[in-house]
Amino acid sequence: MDLPQAIGDAVERRRDQLVALVRELVSYRSENPKLLPDLGQQELARLQEAACQDCIAEHLRGLGMAIDRFEALPGRDDVVGILSGASDGPSLILNGHVDVVPAGDPALWPCDPWSGEVSGGKIWGRGACDMKGGLAAAIGALSALGDVGVRLAGDVVVQAVVDEESGGPGTRVAVKRHRADAAIVLEPTAGSIMPVEGGLEWLRVVVAGRSGHSALRYRSVHAGGRGVAVNAIEKAVKVLNGVQELERYWGNVKVHPLLPKGITTINPGLIEGGSPALSTMADRCILGLSLKYLPGEQLDEVKREFEDHIRAVAQTDAWLREHPPTVEWGVSGVSFPASEISTNHPLATVVANAYRSIRGEPTWAGFEAVSDLAWLAEAGVPALLLGPGDPAQAHTSAEYVEIDDLVATTSIVALAIAGWCGVT
């Protein structure tokens, strides 16, 4: 049997079913409840997330998979399907998340964000790209393998997890319960294979000042002044300027062949300080930062380099020298380790061969955001990213997945499963 041809034909025959599955998954408003403002919306999101997991469990059960459904977070379940292999071949995880970011104002969308509308060769709606299209590709790939009578030697584990959009505990719990020899994370990859993503840290820099009335500010800021108040906001600006200098330096000296130059950004996401009484000089200012680093870098060394730079900035200012800023890491629990496997790793070779059979010579790239790939790497499971859609569409108010991309990627995933797990 010409397996690539047979798989391609089987997936094409299921095109309408694949589209219908994505549309069904999009219809569930599985917005991450942590990202919603009020309790009513949060409860609705949990109910819809659970209903989406019901749907996925039903489809996995229809493939003959054993289902393990368990609470990953209070009131929020992961669903894992296990298809046992016929012998002792290598096992493979297919990982995807059911939670999505909030859709926002429906008026900003070209269609109802929960409709899964089909037009222009695309399926539109929140989660179509990120990443219910990927979960549908996993189900479609296993369906196609069944259609052509493939018996796999190794186990396949489908992880449909919660809370990726808010830190990734769903996958961390799932991989503790169900490990495998390798994994494919089905995030959108814009037609590339992505064996690399950088690490991410959220942190705070806390800058102290000394409060005082702005009526006497002139005593502190003019030559010969004898004031004692120190505005923490102004001192924080000095620190932020120093952070941006470090960002520019890292962008020039830190490089990775599969990631764009300058990816090591330090984004100022929050500045908090001062008083509603605008005549008060702030005694505290907090900079909330999102810092990215490269695979191959050690997090402890990145932290040391950052903190050394902040200390050096403080030495240029009399107040900061005596009252150095403090740095707090892992804010809100966000601390994603980097992940990398070689393009010559056996998993990468299998996926590349599957890609060639469907689309021709693959392109290799690094994932510019972070994903649950991090937690698989943390658990020691070699993994890469491959999924339908373009990350540029994720989180936008015009999110979609192209149907042709969905179909092609489903065929690639099916061949990769057969190539990795082996066929009996």
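In this report, we go over the structure that sits alongside the text. (Residues numbered from 1 in each chain as written. Predicted model: local features only at pLDDT ≥ 70, side-chain atom pairs only at ≥ 80, totals over all residues. Heavy atoms only, no water.)

The next point concerns the pattern of salt bridges. The full count for this structure, using the stated rule, is 24 salt bridges. One salt bridge connects Arg-69 with Asp-54, and the closest N-O pair in it is separated by 2.5 Å. Placement of the pair is Arg-69 in strand E1 (residues 66-73) and Asp-54 in helix H3 (residues 39-62), with a sequence separation of 15 residues. A relative accessible area of 31% means that Arg-69 is categorised as partly exposed. Ionic pairing is found between Arg-217 and Glu-234, a salt bridge with its closest N-O pair at 2.6 Å. Of the two residues, Arg-217 sits in the loop between strand E10 (212-213) and helix H6 (218-221) while Glu-234 sits in helix H7 (residues 232-253), which places them 17 residues apart along the sequence. Salt bridges sharing partners connect three or more residues here, namely Lys-34, Glu-49, Arg-76 and Asp-163. (Salt bridge = Lys/Arg side-chain N within 4 Å of Asp/Glu carboxyl O. Helix = DSSP H or I, 4+ residues; strand = E, 2+ residues; numbered from the N terminus. Buried < 20%, exposed > 50% of the residue type's maximum accessible area, 1.4 Å probe, protein only.)

With respect to the helices and strands, the residue Asp-163 is situated in the loop between strand E6 (154-161) and helix H5 (169-177). Ignoring any residue separated from it by four or fewer positions in sequence, one finds Asp-163 in contact with Asn-32, Lys-34, Leu-73, Arg-76, Asp-99, Gly-168 and Pro-169. (Contact = heavy atoms within 4.5 Å.)

Under the definition given, this model contains zero disulfides. Not engaged in a disulfide, the cysteine Cys-111 finds its nearest cysteine sulfur in Cys-129; these two sulfurs lie 14 Å apart. (Disulfide = S-S within 2.5 Å.)

Further remarks concern the packing of helix H10 (residues 346-359) against helix H12 (residues 403-421). Packing of H10 against H12 brings their axes to within 8 Å, and their N-to-C directions diverge by 135 degrees. In terms of orientation, H10 lies oblique with respect to H12. Between H10 and H12 the crossing geometry is right-handed. Contact with H10, carried on its side by Pro-346, Leu-347, Val-350, Val-351, Ala-354, Tyr-355, Ser-357, Ile-358 and Arg-359, involves Asp-405, Ala-408, Thr-409, Ser-411, Ile-412, Leu-415, Ala-416, Gly-419 and Trp-420 of H12 and no other residues of that element. Along the lines of polarity and charge, the residues of the contact of H10 with H12 split into twelve nonpolar, four polar and two charged. (Axes fitted to C-alpha atoms, helices over the stretch in contact; angles between N-to-C directions. Parallel < 35°, antiparallel > 145°, perpendicular 65-115°, else oblique. Left-handed = near helix turned anticlockwise from the far one by under 90°. Nonpolar A, V, L, I, M, F, W, Y, C, P; charged D, E, K, R; others polar.)

Our next topic: the sheet that holds strand E19 (residues 400-402). As summarised here, the arrangement of the three strands in space is E4-E5-E19, forming an open sheet in which the pairing is antiparallel. Looking at strand neighbours, the two that pair on one side only are strand E4 (118-119) and E19, the edges of this open sheet. Direction of pairing for strand E5 (residues 122-124) relative to E19: antiparallel, over a ladder of three bridges. Looking at the pairing, Lys-122 lines up with Glu-402 of E19. Seen against the sheet, helix H2 (residues 15-27) touches E4, E5 and E19 and runs at an angle of roughly 15 degrees to E5. Sheet strands touched by helix H4 (residues 128-147): E5 and E19. Its angle to E19, the strand with the most contacts, is close to 50 degrees. (Pairing = 2+ DSSP bridges.)

What follows concerns unusual backbone geometry. Cis peptide bonds are those with omega within 30 degrees of zero, and the linkage from Asp-130 to Met-131 qualifies with -5 degrees. Looking at where Met-131 falls in the secondary structure, it is placed in helix H4. Even without being a glycine, His-395 presents a positive backbone phi close to 70 degrees. With respect to the helices and strands, His-395 occurs in the loop between strand E18 (383-385) and E19.

Moving residue by residue along a regular strand, the side chains alternate between the two faces of the sheet. Within strand E8 (residues 193-197), five of the five residues are buried, which leaves it mostly tucked inside the rest of the structure. One ladder, built from three bridges, connects E8 with strand E17 (residues 364-367); its direction is parallel. The residue bridging Glu-197 from the neighbouring strand is Phe-367, located in E17. For E8 and strand E16 (residues 339-340), the ladder comprises two bridges, and the chain directions are antiparallel. Following the sheet pairing, Glu-197 is matched in E16 by Ser-339.

Looking at the secondary structure, you find Glu-307 in helix H8 (residues 299-314). We classify Glu-307 as partly exposed; its relative accessible area is 23%. Between the C-alpha atoms of Glu-307 and Asp-9, which are 298 residues apart in sequence, the distance is 56 Å. Beyond its immediate sequence surroundings of up to four residues, Glu-307 is in contact with Val-327 and Trp-329. A distance of 2.7 Å separates a polar atom in the side chain of Glu-307 from a polar atom in the side chain of Trp-329. (Polar contact = N/O pair within 3.5 Å; in protein donor to acceptor, adjacent residues only side chain to side chain.)

Across the interface, H2 lies against H4 with an axial gap of 9 Å and an inter-helix angle of 135 degrees. On the basis of the axis angle, H2 is oblique to H4. Our pair here, H2 against H4, has a crossing hand that is right-handed. On the side of H2, the interface is formed by Leu-18, Leu-21, Val-22, Leu-25 and Val-26, while H4 contributes Ala-128, Lys-132, Gly-133, Leu-135, Ala-136, Ala-137, Ile-139 and Gly-140.

Remember, this is a structural readout, not a statement about activity or role.
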